[in-house]
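Secondary and tertiary structure notes
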Amino acid sequence: MRKICYATVLAVFLSFSFLSASEFRVYPGSQVDEHATQEANEAAQAARMSNLKATIYTTPDSFQKVAAFYKGIAAEYMMPRASGTSGEPRKSDVFGGELWEAYFIFDGAKDLASSKLWIKIQRPYIGEEIRNVTAIVVAEKK
C-alpha cells in the first residue's frame, strides 16, 4: 500500500513538472510591442500561415540575462548559425553588426517545426527598424 501511495505521489509530481515546463512565462519587466506583434501576425497571414500567432515582447535587459531566464524553464533548440546561449554573436548581413539569437521550446517537441509553443530571443530587434533592445518572439500554433 505504501509503495502505491509513493508511486501515485511521484506520478502526480512528474505530471505537474511536465505541465509547468510547457508554460510560457513572460520575462519580468518586458513589455508587449503592439506594433511589432501586429506586423508579425499580418506577415504570417500574408504567408498563409493562419495557424501561427506571434507575440513580441521587448526589454532593455541584455540578451544573456533574458536567455538565462528562459534556459531555466525551457529546452534550448540549437538553430544552425544562431549564437545560442553559450556561443558568440554572428555578424548580421542585414546591418553589419553583432546579432545574438537563441531558441527555446516549451512543449517538449523535438524541433521548432513540430512545436506548438516556442520562442526566439534576439538582440538587437530587427523589424521595420533596428532597435537596441532584446526581443522575445513567442510563436504559438493553434
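Residues numbered from 1 in each chain as written. Predicted model: local features only at pLDDT ≥ 70, side-chain atom pairs only at ≥ 80, totals over all residues. Heavy atoms only, no water.

Here we come to the pairing of strand β2 (residues 52-59). A large share of β2 lies buried, amounting to six of its eight residues. In terms of strand pairing, strand β1 (residues 31-32) meets β2 through two bridges, oriented antiparallel. The residue bridging Gln31 from the neighbouring strand is Thr58, located in β2. Of the strand pairs in this sheet, β2 and strand β9 (residues 134-141) are connected by eight bridges, and their pairing is antiparallel. Across the sheet, Tyr57 pairs through a bridge with Ile136, a residue of β9. (Buried < 20%, exposed > 50% of the residue type's maximum accessible area, 1.4 Å probe, protein only. Helix = DSSP H or I, 4+ residues; strand = E, 2+ residues; numbered from the N terminus. Pairing = 2+ DSSP bridges.)

Between the first and last C-alpha of helix α2 (residues 34-46) there are 18 Å, a value that for 13 residues agrees with the 18 Å anticipated at 1.5 Å per step. Among all positions of α2, only Ala36, Thr37 and Ala44 are buried. The buried residues of α2 occupy an angular sector of 100° when projected down its axis, which confines them to one face. Relative to its buried face, α2 has exposed residues pointing more than 90 degrees away, namely Glu34 and Ala46. The inward-facing, buried residues of α2 abut β1, β2 and β7 (125-126). Regarding α2, its N-cap is Asp33, as a side-chain oxygen of that residue lies 3.3 Å from the backbone nitrogen of His35 further along. (Expected span 1.5 Å × (residues − 1). Arc of directions from axis to C-beta. Contact = heavy atoms within 4.5 Å. Polar contact = N/O pair within 3.5 Å; in protein donor to acceptor, adjacent residues only side chain to side chain.)

What follows is about the pairing of strand β6 (residues 117-123). In regular strands, side chains alternate between the two faces of the sheet. Summarising burial for β6: seven of the seven residues are buried, a large majority. On β6, burial covers both faces: Leu117, Ile119, Ile121 and Arg123 on one face and Trp118, Lys120 and Gln122 on the other are all buried. The pairing of strand β5 (residues 98-105) with β6 spans six bridges and is classified as antiparallel. Pairing of Tyr103 across the sheet is with Lys120, part of β6. Relative to β9, β6 is paired through six bridges, and the arrangement is antiparallel.

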